[in-house]
Amino acid sequence: MDPISAFLTSWKIPVGQWGKAFIEFVVTYFQWFFDAIKQALNWWVDGTSSLLLMLPPVVLAVLLAAFAYWLRRSWTLALGVLLGFLFIINQGLWKETVQTLVLVVAATALSMAIGVPLGIWAAHKPRVWRIMQPVLDLMQTMPTFVYLIPILILFGLGAAPALIVTIIFAMPAPVRMTYLGITSIPKPMIEAGESFGATKRQLLWKVELPAALPSIRTRADRGGSRSAPRRAASSRARECAHRVRSRPWDARGAD
């Protein structure tokens, strides 16, 4: 080994020890905060799932098919949704489907609620966007299980970590689409609003957001399809962890 490499490796930076000390500090002094978030999210998800499961499965399947028709005005889509749900009922997977549906819808709604304001902020502050862009790239390119592990350490098992991991992955898209929609508005449209004496708040609500709505809606339409795989992966990890903790000899049953 050359002298320079020997010098660089003679003293290793204790990144692992620093990370362990940080996690222990957070868990020791802020566990109450994460427990409160976990209980709130579990109450919301479990309560909604229990409420939907109180309905007869066929009735809920018909209601969801009718909702699909109301959204798209397509009998073909509504029939496909109904047949798909009837097949799920036939396979005995209705409870798991309802839980997955609740988590995907909740993750999509929360990612939009967080991402749209951040996108508006970034569109009006170029410096904020320059800082936010590499963070969003990192959030979208990292594998799910990379940030699933610390989330499980902080929040434990349950619906809360699955929901949080899904939000982390899904949130960058609404930020980007909102930023793209607002920054793509033609300047004459903004100038026309300003010429009529509109304030910044009026420009936002009456000019910018209506013009950017198609771009934001595109993200909302695709939110569920991108959230579902992350929800499935996180729930799979939760199931395997539960099996290992409760019945270690049966952990291979999750394969």
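Keep in mind the model is a prediction, meaning the values are calculated, not measured. (Residues numbered from 1 in each chain as written. Predicted model: local features only at pLDDT ≥ 70, side-chain atom pairs only at ≥ 80, totals over all residues. Heavy atoms only, no water.)

**With respect to the overall build of the chain**
Along its length, the chain carries 11 helices and zero strands. Each helix and strand of the chain, ordered N terminal to C terminal, gives the series α-α-α-α-α-α-α-α-α-α-α. Buried residues in the chain amount to 31% of all 255 residues. Taking as baseline every contact in the chain between residues at least 6 positions apart, the subset at least 24 positions apart corresponds to 70%. Carbon and sulfur atoms make up 69% of the accessible area of the chain, which totals about 16,400 Å². (Helix = DSSP H or I, 4+ residues; strand = E, 2+ residues; numbered from the N terminus. Buried < 20%, exposed > 50% of the residue type's maximum accessible area, 1.4 Å probe, protein only. Contact = heavy atoms within 4.5 Å. Areas by Shrake-Rupley, 256 points an atom, 1.4 Å probe, with all protein chains shown as cover.)

**Here's the deal with the pattern of salt bridges**
A side chain of one charge can pair with a side chain of the opposite charge when the charged atoms of the two come close. Per the counting criterion, the structure on display carries one salt bridge. One salt bridge connects aspartate 137 with arginine 176, and the closest N-O pair in it is separated by 2.2 Å. Within this pair, whereas aspartate 137 is found in helix 6 (residues 126–141), its partner arginine 176 is found in helix 9 (residues 172–183), the two being separated by 39 residues in sequence. The exposure class assigned to aspartate 137 is partly exposed, which follows from its relative accessible area of 35%. (Salt bridge = Lys/Arg side-chain N within 4 Å of Asp/Glu carboxyl O.)

**Concerning the side chain of serine 49**
For serine 49, the position within the fold is in helix 2 (residues 15–53). Look past the residues within four positions of serine 49 in its chain and what remains in contact with it is Val98, Gln99 and Val102.

**Things to note about the nonpolar core**
The tendency in soluble globular proteins is for nonpolar side chains to be buried side by side. In this structure, Val45, Trp94, Leu103, Phe155 and Leu163 are the most contacted members of the largest nonpolar core, which totals 26 residues. If one sorts the elements of this core by residue count, helix 8 (residues 159–170) sits on top with eight residues. Contacts of valine 45, omitting those with residues within four sequence positions, involve Val102, Leu103, Ala159 and Leu163. In terms of nonpolar packing, the next biggest core, distinct from the first, is built from nine residues, Met112, Ile120, Ala123 and Ile182 among them. (Core = buried A, V, L, I, M, F, W, Y, C linked by side-chain atoms within 4.5 Å.)

**A short note on the environment of alanine 211**
Position of alanine 211 relative to the elements: it lies in helix 11 (residues 200–246). Filtering out sequence-adjacent residues up to four positions away, alanine 211 remains in contact with Ile185 and Met189.

**Brief notes about the packing of aromatic side chains**
Per the stated rule, a full pass over the model turns up nine aromatic pairs. Measuring from ring centre to ring centre gives 6.0 Å for tryptophan 32 and phenylalanine 33, while their planes differ by 80°; the resulting arrangement is edge-to-face. Their ring planes at 70° and their centres at 5.6 Å tell us that phenylalanine 33 and phenylalanine 34 sit as a pair that is edge-to-face. Given a relative accessible area of 39%, phenylalanine 33 falls into the partly exposed group. The structure contains a cluster of three or more aromatic residues connected by ring pairs, namely Trp32, Phe33, Phe34 and Phe155. (Phe/Tyr/Trp six-rings, centres within 6.5 Å; stacked < 30°, edge-to-face > 60°.)

**Quick look at helix 2**
Its 39 residues give helix 2 an end-to-end C-alpha distance of only 47 Å, which falls more than 12% under 57 Å, the value for a rise of 1.5 Å per residue. The largest bend in helix 2 comes to about 75°, at phenylalanine 30. Within helix 2, the full set of buried residues consists of Val26, Phe34, Leu41, Asn42, Val45 and Ser49. Packed against the buried residues of helix 2 are helix 5 (94–124), helix 7 (144–155) and helix 8. (Expected span 1.5 Å × (residues − 1). Bend = angle between axes of the 7 residues up to and from the residue.)

**Some remarks on the packing of helix 3 (residues 57–72) against helix 5**
One can describe the packing of helix 3 onto helix 5 by two numbers: an axis separation of 12 Å at closest approach and a directional angle of 40°. Classified by the angle between their axes, helix 3 and helix 5 sit oblique to one another. Relative to helix 5, the crossing made by helix 3 is left-handed. Side by side, helix 3 and helix 5 meet where Pro57, Leu60, Ala61 and Leu64 of the first sit next to Trp94, Val98 and Leu101 of the second. Tallied by class, the residues present in the contact of helix 3 with helix 5 amount to seven nonpolar, no polar and no charged. (Axes fitted to C-alpha atoms, helices over the stretch in contact; angles between N-to-C directions. Parallel < 35°, antiparallel > 145°, perpendicular 65-115°, else oblique. Left-handed = near helix turned anticlockwise from the far one by under 90°. Nonpolar A, V, L, I, M, F, W, Y, C, P; charged D, E, K, R; others polar.)

**Some thoughts on the confidence of the model for the chain**
Looking at the chain, pLDDT values average 81 and 85% of them are 70 or higher. Taken element by element, the predicted model of the chain shows its lowest mean pLDDT in helix 11 (62) and its highest in helix 4 (residues 75–90) (92). Across residues 227–234 the pLDDT falls below 50, and counting only partners more than four positions away or on other chains, this stretch makes 20 contacts in the model. In this model residues 236–255 is a low-confidence stretch, pLDDT under 50, and it forms 20 contacts with partners more than four residues away in sequence or in other chains. (pLDDT = per-residue confidence, 0-100.)

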